[in-house]
Each structure stands twice: as C-alpha cells, then as structure tokens.
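Residue-level listing of the chains:
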Amino acid sequence: MTASPVPARDEILARLTGYLTPEPPRFRGEAEPLPTVPMTVTGAPSGDATLAAMFGSRLEDVQGTYEIVDRPGDAAEQVAQRIRLWCPPLFDDQPGAPTQVLAWAPDEIGVPNLENRLRESNIELLVPGDLHEAQVRHKAAGLSVGITGVDAAFASTGSVVLASGKGKSRSASLLPLHHLMIVPASRIYPTFEDWLRTLRQAGELENFLRHNAQVAFVTGPSKSADIELNLTLGVHGPKVVHAIVVDDGTPTGS
Amino acid sequence: MLDVHAPFESRVTQALADDHLRTALDRATTRLAERRDLAVAAVDNPALRHEVRAIRQFAITHLPDMLQQLETNLIANGCQVHWARNAAEANDIVRDIARRHGVRRVVKSKSMLTEEIGLNEALETDGIEVVETDLGEYIIQLAHEPPSHILAPVIHKRAEDISDLFQRELGMPPTTDPGVMCATARQELRRKFLQADMGISGGNFAIAETGTICIITNEGNGRMVTSMPRVHVAVVGIEKVVPRVEDAFLLWQATTRNATGQAVSVYFAMCSGPRRPDHADGPQEMHVVLLDNGRSRIIDRGYPDVLLCIRCGACVDVCPVYREIGGHAYGATAYSGPIGAVLTPLLADDPTSVCELPFASSLCGACGEVCPAEIDLPRILLDLRSDMVNAGTSSVLERVAFTSYATGMQKPWRYRALVVVARWATKLLPRNGSGGLTKLLPPLNAWMRTRVFPRFARRSFRRLWRKRSSGRGIEPSR
Amino acid sequence: MAADNSKSARPRVALFVTCMVDSLYPDVGIATADLLEQHGAEVIFPEGQTCCGQPAFNAGFRRDASKVARHFLDVFWPLVRDGGIDAIVAPSGSCVAMVKHSYDILFADDEDDAYQHKAQEVSRVTYELTQYLVDVLRVDSTGASCTAKLAYHPCCHLLRDLRVDEQPRRLLSHVEGARVVDLPSAEECCGFGGLFAVKNAGISTAMGRRKAHHLSACGAELVAVNDVSCMTQLNGVLLREGHRCRAVHIATVLRKSEAPQGEEPHA
Ligand code: SF4
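Residues numbered from 1 in each chain as written. Chains lettered and ligands numbered in written order. Predicted model: local features only at pLDDT ≥ 70, side-chain atom pairs only at ≥ 80, totals over all residues. Heavy atoms only, no water.

Caption draft 1: Summary view of the overall build of chain C. Along chain C, the regular secondary structure elements total 13 helices and eight strands. The C-alpha radius of gyration of chain C comes to 18 Å, within 12% of the 18 Å expected for a compact globule of 267 residues. Viewed in the frame of its principal axes, chain C has a C-alpha envelope of about 50 × 45 × 35 Å. Counting across all 267 residues of chain C, residues that qualify as buried make up 69%. By sequence separation, contacts in chain C at least 24 residues apart represent 77% of the contacts at least 6 residues apart. A total accessible area of about 9100 Å² is found for chain C, and carbon and sulfur atoms account for 47% of it. With 27 positive and 34 negative side-chain charges, chain C shows a separation of 5 Å between the mean positions of the two kinds. (Helix = DSSP H or I, 4+ residues; strand = E, 2+ residues; numbered from the N terminus. Rg over C-alpha atoms; globule rule 2.2 N^0.38 Å. Buried < 20%, exposed > 50% of the residue type's maximum accessible area, 1.4 Å probe, protein only. Contact = heavy atoms within 4.5 Å. Areas by Shrake-Rupley, 256 points an atom, 1.4 Å probe, with all protein chains shown as cover. Lys, Arg positive; Asp, Glu negative; His and termini not counted. Charge placed at Lys NZ, Arg CZ, Asp CG, Glu CD.)

Here it is as structure tokens:
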C-alpha cells in the first residue's frame, strides 16, 4: 500500500510534534483558554409554557407537527389514529392484510397497550431483526410509516435523540416517508447543554455515545435547499415527522 | 460551465460574462447571508465566536495528543483506524477496503475532503460505481462538474438547468417544481442506498474522548450512508478533532447557524463504531481514515489559523468577489471563496502554482468579520501575497512599479517630481468630454477599459496649502 | 496638549492629506483643513509627508512598503515625541488603518524595534477625519448645508478595520437640507482594493457596477465616502456608465460653504 518505510501514523505524529513543539504554533490573534463548560448556544424559549409545548412549537418551526396527550393511557389510541390518517385501510368493512409499520420494539416505544390497540385497527408492528438480510430489508424499505420512542428531546430546538440499540433500529426513523415519534414529557430537556450536563454529572455521557453505535439528533423532517434554495422535504429521510408528546406526570430529567 | 482547467484570467472572464451564473449567485449568496445574520443575531455571537476559536485552537495546538486519544477510543469502539499522509495513500486505503469486501457500489455523503483527494475517480478506476447522495452533489455528479460552493454545490445552477439535466439523465417529465425534482432524486437514490455495499462519509468533527465521528446533514443521507451499507468508511482530516463531546455540540450549532441560518441541522449523526451484534442495522465494519494531505505542513508554513476552519461557508456567502465569479473561477479545487483563496495555495505542494488566488480580493474584510472561528482571513491573504512576492511570482512591471514607488515616496522632492511628471505625462493622453482620462500607461491601462480616471490636479495640495497659509500670514510648518 | 501652546487649549493637529488627495484631489485636503479649523483645531501640514505605504503593503511588496512607512514615521514621529501635536488626522479610513494596524505587521520582523515603537506611539494619536471630529472635537453638526439626495457608502477599512460608522453618519444626518437616502447593500465593497482594481480589473469593475446600480436604485444624487480611492472607483464607473450620481469625499459635504459639486475630473 505504501512504499515509505515509516508508517504514515508515526510520520504524521512526528511531523506534527515537530511543528508544534517546543514553540507553540503562532496564531494570528489570541484565543481564550478552553472553556471548562462550553456555553449554551441555543437557549430554551422564555415564558411560562411547558417544556412539552415549547418543544412542540419549535418542532413546528422546522416543519414538524405534534400533539400532547395528557394521559399515557390515551397514547395508543392517538398512535392508531395517526397511522390510519397516513395509511387509510383499503377496504372499509372487510379488513385485508394488516398494515405494517416499521417500529422499535414496543418496550422501547413505551406506550402502554400499544400492540393490542393497533391490532384492533389491523395494524402490525414490524420490528426488524437483521436489516442486512435481503428479505427483511426489502420488506422494511416498502413501509411508509415508522414508529419510535426517543431517548431525549429538547425544548430549545424541537430536536430528539435517537440512539441505536437493541430493538431500536435506525431504519424506523429513516426509511419510511412518515415518522411518528413518542416523546415522554419527562425526557424533554430545556437545551442540549442541560442534557449534556445531566449525563456528564451522572458519569454516563461517554458510555451513552460509545455503547450506542450511532446517536442521532433529529430535528424535523428531512430537507434540502439545493435547488435554488427552495425548501423541499423528504429528500432521503422522512417527509413527515409527527411527535406525540405523552405527559407522563414526571418532571423533566433536568 | 466554465473550464476549471483554463488559466485564472480566462476563468474569471468566462464567469463574468455568464449572466445566469451571476444572477443565481447573487440570489443565493444574498439569501444565505441574510439568514446567517438573523441566526447569529439570535445568540450571543461574540461569545460563541470566542469559544469556537478557543476549542479549535486548543485542538490544533494539541493535535498529536488529540489524535492519539481519538485513535485509542475509535479502536476501543471497534473501528479500524488508518492513517494517510496524502491523497494517494488515502485513496489506496479506501480502494483496499473496497477490494477486500468485493464492493461494487458505493454511496457517499457530502465530503469536501474526498473531493479534494479525488476519491471517486480512484474508486471508479477499479470499476466501482460511486454515487453522491447529497442532492446537490448528486446533481453536479450527473452534470460532471465540480462543486462551486463548499456547502451549496449547485448554487450556480438555476432550477431550469437542473430540470434539463434530470430530464436527460433520469427521464423525468418536464417540470421545474423542486418538489417533483426532489422526489425523482429520492426514488433514484433510495435504490442506490439499498444496493450499496459500502458507504463513504467525511466527518465534521471527531471527538477524541469518545472516539466519535460526527456528521451534519439536512437530507438524512449522512445517516443513510452510515447505517445502510455493511461497511462504513469515514475519511476525516486530522484537523477535525475536538477534545470533548460538549465541544462538538458547540461547533455543530456554530456551523449550522453560520452555514444556513438554522439553529441546528436536521440530522447530526454521532457514529462511535460498527453496530453491536444485537442491533438491527448499522455497518458491520467501520473504518476511519485520518488524512493529513498537507495539513500538518500548513502549520509549518506559518498558517495554523486556517486549520481552525469549520467549513461553514459564511465567508463565501459574504464575499463580493465570490458573488461576481462563483466557485469554478477558483479553479479545479474543492474550496472557493475566501477560505478557498487561502486554503488552496496552502494545501498545494507549490503554493505559487495558484499564486493568483490571494490577490483576487479587494481586502474588504467582510469574510474576517463573519468567520465563526475568528480567522483573520484578510490578514492571511496579505501574508500570502507577501509570500508570493518573495517567491518571485510578480511581474517585472509590478516590481519596477513598486520599486520606483518606494524610491519616490522616501523623499518629498522625489515624490513632488514624480507627481509633476505624472501630471505632464497624463496631459498628453487622450481625454473624454469632461476631461477624464481615457487611456493610461500599463499597468494602469486595465483601469481605463471600463472606468474613467481623473486628471492630476493642476496645483497639488501642498501648493494650495502654501498659498492659503501665506494669505493668512502663517509660515508653512516643517 | 502641546507643551508650548499654553495660551490656548486648541488641539494641534498634523494633517496627513495622503498622496492621492495631494496630487489628485487637493480640494479634499483644503476641506479637511477647513473643517478641523472651524471646529477648534489648529492645523499644521508637515511638508515632508508623502504616502503611508499602503499600496505596496496590500500588494505584498513589504520591503517597499516598509521604506515608505519609515519615511512616514520619520516625518510624523518627531512631532509626536516632542509634544508638538496632539493628533494626526487624515481624510482616509484606509490610510489610517494602515498606520494603526498594518505598521505593526510591517515592523514585527525588524531587528531593532525602533520603528515598531515609533509606529505604536504614532498609531495612538492617529485618527480618521470624521472620527476625530466626533470623538475628540465633539462635533455634532458641522453647519454645512446641501440640497442633494445624499447617500453614504461606508468604506471597508473605515467600517471594519477602524469600526468607524456612526460618526460620519451622524455628521451627515445633521447637514442642513440634506435628504439622506438608504443605500441598499451599503456595506458591500465598491471594488477598489488598490492593485486589485488593475490586477483584477474585470472583477473590480463588476463590483463597482453593482454599487452604481444600488446608487441608482436609491435615487442618490451624491454619495459621500471617506476615502478618495473609493471615490475614484465609484466615479470611474458612474461616469463611464452615464449615471447621474457622483461620489464626493465627505469632507467636501461637511464643509460649511456652498453645496459640493461632485468630484468631476478637473476640466
Ligand atoms: S474560514 Fe471561517 S467563515 Fe470561512 S468556512 Fe471556515 S469557518 Fe466558515
């Protein structure tokens, strides 16, 4: 691969060390010392709205939609209705093959009685096993709705955290045209920085990233402005992102 | 599109003659700059700039430590780490990975670095199909053009141009509706994603403490490329490393606010290794190529500042020169605008091979004012100009002109004599109706082709001053 | 304060007219001196002065620039050292920026730091005209009048290097009878840029045309600028392209006298 006797790694590191020491590099302009904790860039909206409402309105700012469910027990009903809104049944009287939706494992979504309620509407959750298997992949790619929970959400920007993991496929929030996310109000933080601080102080931040191969921050539907800066939605990821915020009665993790 | 391999003069002339191009550039850069202004006005931008600077400067100052820490943690996360001195080594590494996996199709998310090293071409020589999946990059790939902006690669194209291209290449029915064009691309690219054997991405930041590669996208192709294929290769410049998780979040928000005016991008994918055995999706192998390609040499050349860049493109959008000529006039390079004018020569083996770039600026300072990393771009342009002059790139005419200038200006009598000569010389030159000159001697004749030049005053200020003072009975001071 | 000037509290100002004003636009220099005197300064003109060195510095010819800069300091520094003057004032943002910010770079590599030191002392007392009028002489209105539709173009070095913007705008807004119009994209460069204007004449002209277009769009009859180099660029384009608007140096607008005529090339 390389003809040079010194491995690239050693040569690059040696070069850098040579250029950077003992004299530090001369920058044009002074820098302050590394901040102990970086500043909060995007603050939470002020006012006395609940974090759930703030999160929702920020999500709307970025072309997402939301609803707030006051009792966890009602969430399953809303999920079923939302899916039926997006995928109306083909025949009204005679239920045909069930409507499949790509989903996280029900435990990870965290809505009580979800599977039973969906079965009543002839909806079935498809929790993929191994998406590198052609058949599974083919099936998953054909579905138009994905359902996930979230690991955290933010009132400042309308963003959510989706960590990949067991029963938590990336595809459910990525492949279908519609993404339905269940957001427990207790997981909404005012800002990214609040969340980072909480995890850092609990000693969990590093592991959270390292143990979940991919941690994705998602803020509204997929968009592009490449064609004359015209906003278009659903370029690769979902075109429609809807959050069902469930007031689970617990104060936020912060 | 203009010929990016033509000489600089000719590229500029072609660009200036292209009215469509300049309309497109004007619209796009103005809107981007306006959005950016609003987005940074909504936060404590001076403080944000200080912190971006502090984080980036810390990382660059401690690069060897940072990189080793990054490497250790990437490996601990199950990544395979490769180091490459230059473009050829990096391309060979990626080709080698592809060969070992029998890769036939590659999907890529946007990466200026792979543009810089010509990775696509290298893979194509092995018969591998490489598909750019960022909508903009996809469009220019179909059109066989290089990107003309570090962020908005098709900023130079109108909707009509893109529609023609899609009709020709993808059989799309005639329409200029961006929604339809976008849906056409989605369909086409979705097939590619599902079939791809390997995904290649860049990396906006590499977090040393956790071994995490962060990728910013709005379309979601970054997540697709890092999730769907069995193999993910991230090609990352060695300067991209940051110490802590929190730093990446600050830089992410600084980037998006300055790039597109968004508080955050739609997607921010933080990748720390291949999927775990019980995960449904994600790559089975993740490779990280840490590439130097002239970056360390930039420190040695005395310009560590440019390594602080987070590629937000803000300097490009406010640049009045870029607005007139667009990215292709900067040549066959991945980087244009002010950052391109400094980065392209500094990355080159021989900076004088692109000596014209640092001079193509009016030094208006707009770039330095917006840069979130507080890079003093005008100062760097000036320093590069001085380097170019010292390397002997200037014309004989320029050298003579400035030598005589310096000689003349060091003694007031010589200076006065020069002015007298200039005044008499210009008296002989043709004039227009209102007395302005219409011809000058070289190198000033370039002025006259498009502009009027004033005549020298009949009486210089110092003569008027003497008269004024003597009229009042005051002695001229020494 | 000048040591030997106990009989009055008038600040003594050394005028640096700049080479372009001296040879091309002497009237701008006279207007500058008039303004300073009208508002309480005593003006002297050190005759040894030539240029600040900016053209060569910006073109990358630092050795040549440094020779000229040394000459500038040889002329002005003794005045500062001896307390003979309180300030150096120039009707140019870019020349002042050169003295205040670029001399540091120019002399940074000198073996002995004599000139670096001189540059720092001189830099401390050097001002652009409107900056001096407002910040030091506390002028609010110069008592000038003008009936034209007037726009203001902030020159880049003044705006971004010296951070002087509010001062000239305030003085202009107090010109009697003036109708000050908003110039769209005012902060965009006019395209002059020294050597750039000839080395990259095509781009420079395109930038000038854009500015001319904005000037026409806002209906300005006169556009005031703080640098004669930008004025030359603007008039070069405005005249050639047959626009009605003319660029004038702000000193000639602010001077208490009849309305300025616009800097036509001297007939
Ligand atoms: S130089 Fe500064 S403004 Fe330009 S792309 Fe880099 S970070 Fe952004």
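Caption draft 2: Broad picture of the sheet that holds strand E3 (residues 87–90) of chain C. All names here are of chain C. Pairing is parallel in the open sheet, where four strands are placed in the order E2-E1-E3-E4. In this open sheet, the two strands that pair with only one neighbour each are strand E2 (42–44) and strand E4 (126–128). Averaged over neighbouring strand pairs, the angle between their axes works out to 35 degrees when direction is ignored. Bridge count between E3 and E4: three bridges; the pairing is parallel. (Pairing = 2+ DSSP bridges. Axes fitted to C-alpha atoms, helices over the stretch in contact; angles between N-to-C directions.)

Caption draft 3: Representation of the site of the ligand. The full set of residues close to the ligand is Ile150, Cys309, Ile310, Arg311, Cys312, Gly313, Cys315, Ile339, Cys371, Pro372, Ile375 and Leu377 of chain B. The residue inventory of the shell around the ligand, partitioned by class, reads ten nonpolar, one polar and one charged. (Near = heavy atom within 4 Å. Nonpolar A, V, L, I, M, F, W, Y, C, P; charged D, E, K, R; others polar.)

Caption draft 4: Representation of the interface of chain C and chain B in the model. Chain C puts 70 residues into the contact, and the matching count from chain B is 69 residues. Summed over both sides, the interface between chain C and chain B buries roughly 6300 Å², with carbon and sulfur atoms accounting for 60% of that surface. Our count for the contact surface shared by chain C and chain B stands at eleven salt bridges. Between Lys199 of chain C and Glu398 of chain B there is a salt bridge, with the nearest N and O atoms lying 2.8 Å from each other. Where chain C touches chain B, the interface holds 32 residue pairs in polar contact (both at pLDDT 80 or more). Ranked by residue count, the leading element in the side of chain C that touches chain B is helix H11 (residues 201–217) of chain C, at nine residues. Of the residues contributing to the side of chain C that touches chain B, the split by class is 35 nonpolar, 20 polar and 15 charged. (Buried area = accessible area lost by both parts, 1.4 Å probe. Salt bridge = Lys/Arg side-chain N within 4 Å of Asp/Glu carboxyl O. Polar contact = N/O pair within 3.5 Å; in protein donor to acceptor, adjacent residues only side chain to side chain.)

Caption draft 5: Examining the packing of helix H2 (residues 26–38) of chain C against helix H7 (residues 129–136) of chain C more closely. All names here are of chain C. Their axes nearest at 11 Å, the elements H2 and H7 cross at an angle of 5 degrees. With respect to their mutual orientation, H2 and H7 come out roughly parallel. Taking contact as the criterion, the partners of Thr32, Leu35 and Leu36 in H2 are, on H7, Leu129, Tyr132 and Leu133. In terms of residue class, the contact of H2 with H7 is built from five nonpolar, one polar and no charged. (Parallel < 35°, antiparallel > 145°, perpendicular 65-115°, else oblique.)

Caption draft 6: Region of the structure containing unusual backbone geometry. Residue Thr21 of chain A is joined to Pro22 of chain A through a cis peptide bond whose omega torsion reads -5 degrees. Counting through the fold element by element, Pro22 of chain A comes out in the loop between helix H1 (8–20) and helix H2 (51–61). The backbone of Gln63 of chain A shows a phi angle near 70 degrees, a positive value even though the residue is not glycine. Here Gln63 of chain A shows up in the loop between H2 and strand E1 (65–69). With a phi angle near 55 degrees, Arg163 of chain C is a residue other than glycine that sits in the positive phi range. With respect to the secondary-structure elements, Arg163 of chain C resides in the loop between helix H8 (156–161) and helix H9 (166–173).

Caption draft 7: Structural view of the pattern of salt bridges. Throughout the structure, instances matching the rule amount to 67 salt bridges over all chains. A salt bridge links Glu77 of chain A to Arg117 of chain A; the shortest N-O distance between them is 2.6 Å. Of this pair, Glu77 of chain A sits in helix H3 (residues 75–86) while Arg117 of chain A sits in helix H5 (residues 114–120); the two residues are 40 residues apart in sequence, bridging distant segments of the chain. With a closest N to O distance of 2.8 Å, Glu47 of chain C and Arg466 of chain B form a salt bridge. Within this pair, whereas Glu47 of chain C is found in the loop between E2 and helix H3 (54–58), its partner Arg466 of chain B is found in helix H22 (residues 461–471), the two belonging to separate chains. Taking the relative accessible area as the measure of exposure, Glu47 of chain C reaches 8% and is therefore buried.

Caption draft 8: Quick look at the nonpolar core. Core analysis: the largest hydrophobic core is formed by 248 residues, its most contacted members being Trp195 and Phe217 of chain A, Met270 of chain B together with Leu36 and Tyr103 of chain C. Of the residues forming this core, the biggest block, ten residues, is contributed by helix H4 (residues 62–81) of chain C. Apart from the residues lying within four places of it in its own chain, the contact partners of Phe217 of chain A are Phe154, Val160, Val161, Phe192 and Trp195 of chain A together with Phe249, Trp252, Val266, Tyr267, Phe268 and Met270 of chain B. One finds Ala76, Cys87, Ala155 and Val218 of chain A within the second-largest nonpolar core, a separate group that totals 50 residues. (Core = buried A, V, L, I, M, F, W, Y, C linked by side-chain atoms within 4.5 Å.)

Caption draft 9: Molecular detail of the domain arrangement of chain C. All names here are of chain C. Entries for chain C in the domain assignment read domain 1 (12–136) and domain 2 (149–255). Taken over C-alpha atoms, the centre of domain 1 sits 23 Å from the centre of domain 2. With 27 residues of domain 1 in contact, the opposing surface of domain 2 contributes 22 residues. When domain 1 packs against domain 2, the two sides together hide about 2000 Å² of surface, and 69% of this comes from carbon and sulfur. Connecting domain 1 to domain 2 are two salt bridges. The shortest N-O distance in the salt bridge between Asp34 and Arg255 comes to 4.0 Å. Between domain 1 and domain 2 we count nine residue pairs in polar contact (both at pLDDT 80 or more) in total. (Domains from an automatic or database assignment.)

Caption draft 10: Structural detail: the interface of chain A and chain B. Listed by partner, the interface residues are 86 residues for chain A and 114 residues for chain B. Across the interface of chain A and chain B, roughly 8700 Å² is buried in total on both sides, 59% from carbon and sulfur atoms. It is Arg28, His132 and His236 of chain A in chain A that bury the most area against chain B; as a group they hold 11% of the surface buried on that side. Here chain A is connected to chain B by nine salt bridges. With a shortest N-O distance of 2.8 Å, Arg28 of chain A and Asp383 of chain B are connected by a salt bridge. Counting every contact that joins chain A to chain B gives 54 residue pairs in polar contact (both at pLDDT 80 or more). Elements with a contribution of two residues or more to the side of chain A that touches chain B: H1, helix H6 (134–141), helix H7 (192–201), helix H8 (205–211), strand E9 (214–218), strand E10 (223–224) and strand E11 (232–233) of chain A. If you tally residues by element for the side of chain A that touches chain B, the top one is H1 of chain A, at ten residues. A breakdown of the residues in the side of chain A that touches chain B according to their chemical character gives 42 nonpolar, 26 polar and 18 charged.

Caption draft 11: Spotlight on a positive patch on the surface. Residues and elements named next belong to chain B. Together, Lys427, Arg458, Arg459, Arg463 and Lys467 make up a positively charged patch on the protein surface. With respect to the helices and strands, the residue Arg458 is situated in the loop between helix H21 (445–448) and H22. Residue Arg458 is classed as exposed on the basis of its relative accessible area, which comes to 60%. (Patch = residues over 30% accessible without salt bridge, like charges linked within 9 Å, V, L, I, M, F, W, Y side chains within 5 Å.)

Caption draft 12: Structural view of the side chain of Gln100 of chain A. Residue and element names in this part refer to chain A. Note on placement: Gln100 falls in strand E2 (residues 99–103). Among the polar contacts listed, one links the side chain of Gln100 to the side chain of Glu124, at a separation of 2.9 Å. Look past the residues within four positions of Gln100 in its chain and what remains in contact with it is Glu124, Leu126, Lys139 and Leu143.

Caption draft 13: Structural view of the pairing of strand E5 (residues 149–152) of chain C. All names here are of chain C. Judged from the two bridges that link them, E5 and strand E6 (residues 179–180) form a sheet pairing that is parallel. Considered in E6, the bridge of Leu150 is made with Val180. As judged from the three bridges shared by E5 and strand E7 (residues 222–225), these two strands associate in the parallel manner. Note that in E7 the partner of Leu150 across the bridge is Leu222.

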